[in-house]
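One letter stands for each residue in the lines below.
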Amino acid sequence: MSQAKRMMEEQEQKRRNQLEGYRKKLRIENKYEMDCPYCCEALSVDDVKKEQCIHCGHDLLWNVGE
């Protein structure tokens, strides 16, 4: 079980590194717009125009048509 726990921790660390890398990339390219109000991950200018967060899938209420 220790090995399984270690593998899960490594996967989580890899995911966090990817998300932080995405945030840095957006800032370097000057395309960072805001953090998702649900999962607090970085969203680009293009990402905020979509109906759902690219990270967590929650609806971005300002783009959801009624």
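Everything below is about the structure shown above.
All of the points below concern the structure found in this document. It should be emphasised that the depicted structure is a prediction, and the values quoted were computed from it without experimental measurement. Residue numbering note: each chain is counted from 1, following its sequence as written. Only residues with pLDDT of at least 70 are given local features in this predicted model, and only at 80 or more are side-chain atom pairs given and counted; all residues enter the totals for whole chains, interfaces and linings. Neither water nor hydrogens contribute to the side-chain values; these are computed over all heavy atoms in the structure.

**Digging into the side chain of Asp-47**
Rules: Each helix is a run of DSSP H or I of at least 4 residues and each strand a run of E of at least 2, with the numbering of both proceeding from the N terminus. Working rule for contacts: check all heavy atoms of both residues, and any pair within 4.5 Å makes them a contact.
Here Asp-47 shows up in the segment after strand S2 (42-44). The residues contacting Asp-47, other than those within four sequence positions of it, are Tyr-22, Ile-54 and Leu-60.

**Things to note about the nonpolar core**
We apply this condition: Put simply, a nonpolar core is a bunch of buried Ala, Val, Leu, Ile, Met, Phe, Trp, Tyr and Cys residues held in one set by side-chain atoms that sit within 4.5 Å of each other. To sort residues, take the accessible area from a 1.4 Å probe on protein chains only and compare it with the maximum for the residue type: under 20% means buried, over 50% means exposed, and anything in between is partly exposed.
Cys-36, Leu-43, Val-48, Cys-53 and Leu-60 form the largest nonpolar core, which has 5 residues in total. In this structure Leu-43 touches Leu-26, Lys-31, Tyr-32, Glu-33, Met-34, Asp-35, Cys-36, Val-48, Cys-53, Ile-54 and His-55, once residues within four positions along its chain are discounted.

**What to know about a nonpolar patch on the surface**
Just so we agree on the cut-off: Candidates for patches are residues over 30% relative accessible area with no salt bridge; among them, like charges are joined within 9 Å and nonpolar side chains (Val, Leu, Ile, Met, Phe, Trp, Tyr) within 5 Å. Where accessible areas are quoted, they stem from the Shrake-Rupley method and a 1.4 Å probe; at the residue level, only the protein chains shown are allowed to cover. For salt bridges, the criterion is a side-chain nitrogen of Lys or Arg within 4 Å of an Asp or Glu carboxyl oxygen.
A cluster of nonpolar side chains, contributed by Tyr-38, Leu-61 and Val-64, occupies part of the molecular surface with about 290 Å² of accessible area. Tracing the sequence through the fold places Tyr-38 in the loop between strand S1 (32-35) and S2.

**Section: the pattern of salt bridges**
When their charged atoms lie close together, side chains carrying opposite charge are able to pair. Applying the stated criterion to the full structure yields 6 salt bridges. Between Arg-23 and Glu-20 there is a salt bridge, with the nearest N and O atoms lying 4.0 Å from each other. Here Glu-20 and Arg-23 lie together in helix H1 (residues 2-28), a separation of 3 residues that amounts to about one turn. For Asp-35, the salt bridge is made with Arg-23, and the minimal N-O distance between the two is 2.8 Å. With Asp-35 in strand S1 and Arg-23 in helix H1, the pair connects residues that are 12 residues apart, well separated along the chain. A relative accessible area of 30% means that Asp-35 is categorised as partly exposed. A network of salt bridges, in which partner residues are shared, links Glu-12, Arg-15 and Arg-16.

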